[in-house]
Amino acid sequence: MNLSMVQHILGLMLLIFSLTMLPPAAVSLAYQDGHFQPFLDAFLIVALLGALLWFPVRRARRDLRLRDGFLVVTLFWFTLGLAGATPFLVTDVPDMSFTDAVFEAVSGFTTTGSTVLVGLEGLPKSILYYRQQIQWLGGMGIIVLAVALLPILGIGGMSLYKAETPGPVKDDKLTPRIAQTAKALWAGYLLLTAVCAACYYLAGMGAFDAFAHAFTTLSTGGFSTYDDGLSHFGSAAVEYVAILFMLAGGTNFALHFLALRGRSMRGYLKDAEFRAYVGILAVLILVVSSSLYLTGRYGSIADAFRHGAFQVVSLQTSTGYVTAEFAAWPGALPALLMLATFIGGCAGSTGGGIKVMRWLLVFKQALVELRRLIHPRGEILVRLAKRPVPDRVINAVTAFFAIYLMLFGGLTLLLMALGLDQVSAWSAVATSLNNTGPALGSVASNFTGVPDSVKWTCALAMIIGRLELFTLIVLFTPDFWRG
Amino acid sequence: MNLKMVQRILGLMLGMFSLTMLPPIGVALAYHDGHWLPFVASFLIIAAVAALLWLPVRNERGDLRLRDGFLIVTAFWVFLGLAGATPLLFSDQPVLSFTDAVFEAVSGFTTTGATVIIGLDHLPISILYYRQQIQWFGGMGIIVLAVALLPVLGIGGMSLYKAETPGPVKDQKLTPRIAQTAKALWTVYVLLTAVCAGCYYLAGMSPFDAIAHSFSTLSTSGFSTHDASFAYFNSHAIDWIATVFMFVGGASFALHFTALRNHTLGVYWRDPEFVAYFKLVVALIVFATVYLIVTGVFPATLNALRHAAFQVVSLLTGTGYVTTGFAHWPGALPVLLMLITFVGGCAGSTTGGMKVMRWLLVFKLGVGELKRLVHPSAEIPVKIADRIIPMQVVTGVAGFFAIYLIVFGVLMLLLMIIGLDQVTAWSAMASALNNIGPALGEVAAHFQNIPDAAKWICIVAMITGRLEIFTLVLLLTPAFWRR
């Protein structure tokens, strides 16, 4: 356990993060919203903290072991979540309590998108910009986490199947591979964000709004600069652009990289997970849109399709924009949409949830079981793209599902003990664990009216979900800290 | 596929079932409730149908294949569920629609215990007796199913671990082993029922109530002769007796048999599943007791313990008796009690749910995963009681979990589409699929007030859950019917 190296990295991360306080300061100057000072103060505070951590161990040079990776990743999200609250605490518009500031920052960083703020239109431009930026940076962090780090650490079954290099990982030095992979993926992420912003602009958004929303679309975060989110624009064009780029945000960024490098779309179609992802979305869109049309919620097929498709993509990819009061839609639709958030995006995307890959594997396992009941002595294996999936992976995915469900149940019970009704409780946990944003019941549009204890529980759930559970849980096993 | 043999067995089973119409006639005559005619009519009709099925194929002799087993088991529950509705349809007290009669009969046979009848206290004694009897026979059927049949068929991972004879089953002939095992287990079942009835009588129940409730206690089913269920008796002693015998009903009857034969209790403590079951019950009771005291529902400790223990055991074992309106307990308790129904009792008991064994396996998988994250190259097999669990069992359990959840989700959404609110829908489905009885929301006390379509979905769910899901799903796959 190389704790001094961990501290070194943490200090560096905080120093780098302090720099991200400067763009909002620039925005403040540009729009002359008089809110320059809080960001400068936040920059100094965070930079100081980072320096204090980094300076004593600045000469630490040894490589990181696998185990350090868990610690680094967990601390990253906790520390930046707290540090990110600094501007909110320093500023007086909006005037936020400690709980609210941390909630908002964590919701931003984990790209969840639940908010405790109301009256967003009246806030200074720099604050609005800062919220959107947090989510964009959070998305960057997730891509590295999901594509480069978690597979190496072997979380939840994704190790042997999704490893970037062919064959199992032989060495456990993390640094060189991560840096390379990160740079490649961020290039793709940046490019897609820019294209998304341009499309929003062409669809009619102002320049500020276009960038602001591009930030939270690609990161599948869901923060908006308006209380009514994307429905503020009342434009089908804007919504369809959003659908396209939310879809992209929920796709494995390694696929985006390969497509850009090879200049071909074939990579997407050959990926079993991507096909399943699109297939599930298509089925859900069909079900939801037809329901909306048949129950008379929307008079025209075009409207029903537009709102159905938007809400399905938004919720399954865990972005969380809303264009209609989906919590008030008829019948099974609200519950169905919240349940869809458990599916989530593809592994290696910025999306939350359990991830399409795991559902695909478990579903195939169920089919194999059925076949084995008919042919007990046959050799029937789960195959993905014709390659047999190792038992170890199936085991890991099963364990992941079980822990996820137990966590979901336990946290729901906790929220109910804290006073929430059943519907609000289960949907609040679902939205936090799956990093989605909106929910049902009393937390349908925002988390303003709930007790502080609920906000802290949900903030913790957001981080646990973002870290794919085991990253955090493993830190609690005594075995981890030995040797 | 030996369909003729299947038909012969079905005819035989219906024939035997028609005989069960006779005891209620005896009860009707003994209590002079003037209600013997419906039972006589039912006896004749069912016997006639049985004869029609059996006569054309009475000389069939071939052996049953494994696949025939699935068909028989499913047909057994569907046919006897329908046949069991006959007396209720013929009766004019209560007057039941076709839907309601089938619901009540299926709820009886699957030992669910959900009722559509209000005003139980005023019904003819023979009808009340008949309902209790259905559940007792249902319990008998389940014991054979769970101990002798499902392991041989290999449902949901239970095959290699729980097989009665050591080593895997080599031949595919079902009949000799089942008959032997069945006789042994039924002896234990009858014995325990008698002891339970004796205890109830000594504690103050009338002879009729004592026998009636012992029928639905050992079968962990939950029908009562009173609308208020066990609240009617208002007795500490009776509640504790019920708690003990419900707990017994939730343990493996194979264990009971072994314990009785060898005159020893040690066999229970050597069984890892029983130990886990016991620990779970204790933990839940402690939690619920403290919660009830702290929230002031039952300030007296002994009373809180009594109600907590009763309700926890009642719901975990899927019996479903209530001593008080647990659906109105504060905070997290109602949902917690409904959630534990997904765990259920031990494999080889009369309970519903996924069974403790499967959760134990998955829990060990989770622990193994955490260890593997810390030691990636180590070989860590899943072990229970120092025996290594074969991979096939683990994947069987994984597949089972997946199908269970999907079926639950789909059917629950279906209920919402029909118009049930979220709380009613999820708890009604949980109650039906896990064969519990009571639920929350609109179905807290009984299932009378939901639409007929919802009742039919619950009927399907009850049978599906009783057959451990796969059995029914299997019949829907084309591969099953080929060759």
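The rules we used
Residues numbered from 1 in each chain as written. Chains lettered and ligands numbered in written order. Predicted model: local features only at pLDDT ≥ 70, side-chain atom pairs only at ≥ 80, totals over all residues. Helix = DSSP H or I, 4+ residues; strand = E, 2+ residues; numbered from the N terminus. Buried ≥ 20, exposed ≤ 12 C-beta atoms within 10 Å, placed from the backbone. Contact = placed C-beta atoms within 7 Å. Expected span 1.5 Å × (residues − 1). Nonpolar A, V, L, I, M, F, W, Y, C, P; charged D, E, K, R; others polar. Arc of directions from axis to C-beta. Axes fitted to C-alpha atoms, helices over the stretch in contact; angles between N-to-C directions. Parallel < 35°, antiparallel > 145°, perpendicular 65-115°, else oblique. Left-handed = near helix turned anticlockwise from the far one by under 90°.

## Considering the overall build of chain B
Then, number 1: Broken down by element type, chain B carries 22 helices and 2 strands.
Then, number 2: Dimensions of chain B, computed from the C-alpha atoms along their principal axes, are close to 75 × 65 × 55 Å.
Then, number 3: Buried positions account for 55% of the 483 residues belonging to chain B.
Then, number 4: Intrachain contacts of chain B at a sequence separation of at least 6 include 72% that bridge at least 24 residues.

## A closer look at helix α10 (residues 207-218) of chain A
Every α-helix winds through 3.6 residues per turn, so residues three or four apart in the chain are directed the same way.
Residue and element names in this part refer to chain A.
Then, number 1: For α10, with 12 residues, the first-to-last C-alpha span of 17 Å sits near the 16 Å given by 1.5 Å per residue.
Then, number 2: Of all 12 residues in α10, 10 are buried; the element is thus mostly enclosed.
Then, number 3: For α10, the set of buried residues is Asp 209, Ala 210, Phe 211, Ala 212, His 213, Ala 214, Phe 215, Thr 216, Thr 217 and Leu 218.
Then, number 4: Thr 220, located one to two residues past α10, shows a positive phi value of around 45°.

## So, the interface of chain A and chain B
Then, number 1: The interface of chain A with chain B comprises 42 residues on the first partner and 38 residues on the second.
Then, number 2: No other element matches the 14 residues that helix α18 (residues 391-417) of chain A contributes to the side of chain A that touches chain B.
Then, number 3: Within the side of chain A that touches chain B, the residues separate by chemical class into 28 nonpolar, 9 polar and 5 charged.

## Some points on helix α2 (residues 22-31) of chain A
Residue and element names in this part refer to chain A.
Then, number 1: Turning to α2, its buried residues are Pro 24, Ala 25, Val 27 and Ser 28. In an axial view of α2, the angular spread of the buried residues amounts to 155°, which keeps them on one side of the axis.
Then, number 2: Two residues or fewer past α2, Gln 32 is found with a positive phi of approximately 50°.

## A few points about the packing of helix α6 (residues 98-109) of chain A against helix α20 (residues 452-466) of chain A
All names here are of chain A.
Then, number 1: Packing of α6 against α20 leaves a shortest axis separation of 10 Å and a crossing angle of 25°. Compared by their axis directions, α6 and α20 come out roughly parallel. Of the two possible hands of crossing, α6 and α20 adopt the one that is left-handed. Residue-level contacts link Thr 99, Val 102, Phe 103, Val 106 and Ser 107 of α6 to Asp 452, Lys 455, Trp 456, Ala 459, Met 462 and Ile 463 of α20.
Then, number 2: Of the residues belonging to the contact of α6 with α20, the class tally is 7 nonpolar, 2 polar and 2 charged.

## So, unusual backbone geometry
Then, number 1: Val93(A) connects to Pro94(A) through a cis peptide bond whose omega is 5°.
Then, number 2: Position of Pro94(A) among the secondary structure elements: in the loop between α5 (86-90) and α6.
Then, number 3: For His32(B), which is not glycine, the phi dihedral falls at a positive 55°.
Then, number 4: Structurally, His32(B) can be placed in the loop between α2 (22-31) and α3 (36-54).
Then, number 5: Even without a glycine there, the phi angle at Glu468(B) is positive, about 55°.
Then, number 6: Among the structural elements, Glu468(B) can be located in the loop between α20 (452-466) and α21 (470-475).

Limitation: the analysis is restricted to geometry and does not speak to function.
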